[in-house]
Amino acid sequence: MGVFFFRKKKRFKKEGSYVLEPHLEEKSTLNKPIVILFLKINGQSKIYELPHDRNFTIGSDPKNDLCLKESGVSPFHAKISPVKDSYVLYNLLSNDGVKVNRHEVHKYRLRFGDRIEIGPEILLFDLKQGYRRDDEFFEGAERRKSVRISPPLTLRFIVYSQNKAKEFVAFIKDISLEGVRIELEEKLPKGSMIEAQIYSPELPSIDLIGTVVREIDFDKGGRIFYEVGMQFLEMSDEARERLHNYLVRCIS
């Protein structure tokens, strides 16, 4: 593996969370974007606007903001709470649990395009957008969340863990404006900080700071590999705009 060096780390402008920005779309002109849950039952579509100043509760009890009477839904199953510029989903000790993107969660900061499973129902978390057709909204959420790039982008990064630094290079499997998914032959501790560059022949280098948020081991031809999820924490406005435009071109 070749050795590489990073340029002196820039002082990135602190932008806070990127959760309340649409994926691969124009930013809302509102001070507080209208965030919604999209629900489709028996061919009928419903949209619920999430409040900015209080909890939004979900369960089979009529006192909830969203009442779901289907089997597998507890009386007070879950709640979604506004936290600064994002929303957090909580499992309220329900019998059958709560899943996001097919993974069970107890507390989870939502991102646009997330699929929330409560009992047999699927809710989609997103921004309210004009007069977009419901079917396009429902079926396109996963595509907007992350895109596969061909030819692939490369992630070159340094991992900082336990006062040690180590260099890696990996192809990016999936990418969104919030993070990436890669494969490695070496285990990376969850919570490790990374200093990274994304680059390809068609994209100027993008510098960023991130953290390891997920790691799953799997067998590949008799060898153990690790699927690693990384969340972006800091990125300059210019770099973020370049990545945004590049991803738009990839799915247009």
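Residues numbered from 1 in each chain as written. Predicted model: local features only at pLDDT ≥ 70, side-chain atom pairs only at ≥ 80, totals over all residues. Heavy atoms only, no water.

**Details of the sheet that holds strand E9 (residues 107-109)**
Here is step 1: Taken together, the five strands give an open sheet; going across it, the order is E4-E3-E5-E6-E9, and neighbouring strands pair in mixed fashion. A strand with exactly one partner marks an edge of an open sheet, and here the two such strands are strand E4 (66-67) and E9.
Here is step 2: Bridge count for strand E6 (residues 86-91) against E9 is three bridges, and the pairing is antiparallel. By the bridge assignment for E9, Leu89 is matched with Tyr108. (Pairing = 2+ DSSP bridges. Helix = DSSP H or I, 4+ residues; strand = E, 2+ residues; numbered from the N terminus.)

**Some words on a nonpolar patch on the surface**
Here is step 1: A grouping of Tyr160, Met193 and Leu233 is seen on the molecular surface, where their side chains present a nonpolar patch of about 250 Å² in accessible area.
Here is step 2: In this structure, Leu233 sits in strand E17 (residues 223-235).
Here is step 3: Judged by its relative accessible area of 36%, Leu233 is partly exposed. (Patch = residues over 30% accessible without salt bridge, like charges linked within 9 Å, V, L, I, M, F, W, Y side chains within 5 Å. Areas by Shrake-Rupley, 256 points an atom, 1.4 Å probe, with all protein chains shown as cover. Salt bridge = Lys/Arg side-chain N within 4 Å of Asp/Glu carboxyl O. Buried < 20%, exposed > 50% of the residue type's maximum accessible area, 1.4 Å probe, protein only.)

**Some points on the nonpolar core**
Here is step 1: If you look at the biggest cluster of nonpolar residues, it comprises 29 residues, and the most contacted ones within it are Leu155, Phe157, Ile182, Leu188, Ile198 and Met230.
Here is step 2: For this core, the elements supplying multiple residues, two or more each, are strand E12 (154-161), strand E13 (164-175), strand E14 (179-184), strand E15 (193-200), strand E16 (203-220), E17 and helix H2 (237-251).
Here is step 3: The residues touching Leu155, leaving out its near neighbours within four places in the chain, are Phe168, Val169, Ala170, Ile172, Val180, Ile182, Ala196, Gln197, Ile198 and Met230.
Here is step 4: Core analysis: the next-biggest nonpolar cluster, separate from the first, contains 25 residues, Phe56, Ala78, Val98 and Leu127 among them. (Core = buried A, V, L, I, M, F, W, Y, C linked by side-chain atoms within 4.5 Å. Contact = heavy atoms within 4.5 Å.)

**Some remarks on the pairing of E13**
Here is step 1: One ladder, built from three bridges, connects E13 with E14; its direction is antiparallel. Bridge assignment links Asp174 to a residue of E14, and that residue is Arg181.
Here is step 2: Counted along the chain from E13 to the antiparallel partner E14, the turn is three residues long.

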